[in-house]
Amino acid sequence: QVQLVESGGGLVQPGGSLRLSCAASGSISSIYAMGWYRQAPGKQRELVAAITSGGTKNYADSVKGRFTISRDNAKNTVYLQMNSLKPEDTAVYYCNANLLASADVRYSYYWGQGTQVTVSS
């Protein structure tokens, strides 16, 4: 069974930094893209950043220049370095992966359980 496990959330002051990690485990044949979404109270879940197996990156306009996504393909792990955090970055952050499980014949999307990021003084 495939699992995505996130870590690294917490409380940070405005202007501070956090680093999120997400490791995919289980019987996985291949991972195409991994990324991070977030959902603030009363708002829809939105894409924060994504990265393909080839290294192509995509960022939401609101985080460009502040957040950096990276990936370790050997470890099936994706990272999100968040700098210059703002109160409006407060949300639950979810890891997402588009992957092919060993028992499947097509790629599917998997989600982590979410990790809370709170930016407040």
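This section reports on the structure supplied with the text.

What counts and what doesn't
- Residues numbered from 1 in each chain as written.
- Predicted model: local features only at pLDDT ≥ 70, side-chain atom pairs only at ≥ 80, totals over all residues.
- Heavy atoms only, no water.
- Pairing = 2+ DSSP bridges.
- Helix = DSSP H or I, 4+ residues; strand = E, 2+ residues; numbered from the N terminus.
- Axes fitted to C-alpha atoms, helices over the stretch in contact; angles between N-to-C directions.
- Core = buried A, V, L, I, M, F, W, Y, C linked by side-chain atoms within 4.5 Å.
- Buried < 20%, exposed > 50% of the residue type's maximum accessible area, 1.4 Å probe, protein only.
- Disulfide = S-S within 2.5 Å.
- Phe/Tyr/Trp six-rings, centres within 6.5 Å; stacked < 30°, edge-to-face > 60°.
- Lys NZ or Arg CZ within 6 Å of the ring centre and 35° of its normal.

1. Overview of the sheet that holds strand S8 (residues 77-82)
And then number 1: Pairing is antiparallel in the open sheet, where four strands are placed in the order S1-S3-S8-S7. On the outer flanks of this sheet lie strand S1 (3-7) and strand S7 (67-72), each paired with one strand and no other. Averaged over all pairs of adjacent strands, the angle between strand axes in this sheet comes to 15°, irrespective of strand direction.
And then number 2: As paired elements, S1 and strand S3 (residues 18-25) share five bridges and run antiparallel to each other. Residue leucine 4 lies in a different strand from S3, and its bridge partner there is alanine 24.

2. Digging into the nonpolar core
And then number 1: With 32 residues, the main nonpolar core has Trp36, Leu80, Met82 and Tyr93 as its most contacted residues.
And then number 2: Listing elements by their share of this core, those giving two or more residues are S3, strand S4 (28-39), strand S5 (46-52), S7, S8, strand S9 (91-101) and strand S11 (115-119).

3. Quick notes on the pairing of S11
When a strand is regular, its side chains alternate between the sheet's two faces.
And then number 1: Every second residue of S11 is oriented toward a common face, the buried set being Thr115, Val117 and Val119 and the non-buried set Gln116 and Thr118.
And then number 2: Relative to S11, S9 is paired through three bridges, and the arrangement is antiparallel. In the sheet register, alanine 91 faces S11, and the bridge partner there is valine 117.

4. Remarks on the state of the cysteines
And then number 1: With the rule as written, the count across this model stands at one disulfide.
And then number 2: Here cysteine 22 is linked by a disulfide to cysteine 95, with a sulfur-sulfur distance of 2.0 Å. What sets the handedness of the cysteine 22 and cysteine 95 disulfide is the S-S torsion sign, and at about -80° it is left-handed. On the criterion of sequence distance, the pair formed by cysteine 22 in strand S3 and cysteine 95 in strand S9 is long-range, its members being 73 residues apart. Of the two residues, cysteine 22 and cysteine 95, both sit in the buried class.

5. What about the packing of aromatic side chains?
And then number 1: Under the definition given, this model contains one aromatic pair.
And then number 2: Here tyrosine 37 and tryptophan 111 contribute two aromatic rings whose centre-to-centre distance is 5.0 Å and whose plane-to-plane angle is 65°, an arrangement assigned as edge-to-face. Of this pair, tyrosine 37 sits in strand S4 while tryptophan 111 sits in strand S10 (residues 108-111); the two residues are 74 residues apart in sequence, bridging distant segments of the chain.
And then number 3: Over the aromatic face of tyrosine 79 sits the side chain of arginine 19, whose NZ or CZ is 4.1 Å from the ring centroid.
And then number 4: Sitting above the plane of the tryptophan 111 ring, arginine 45 keeps its charged end 4.6 Å from the centroid.

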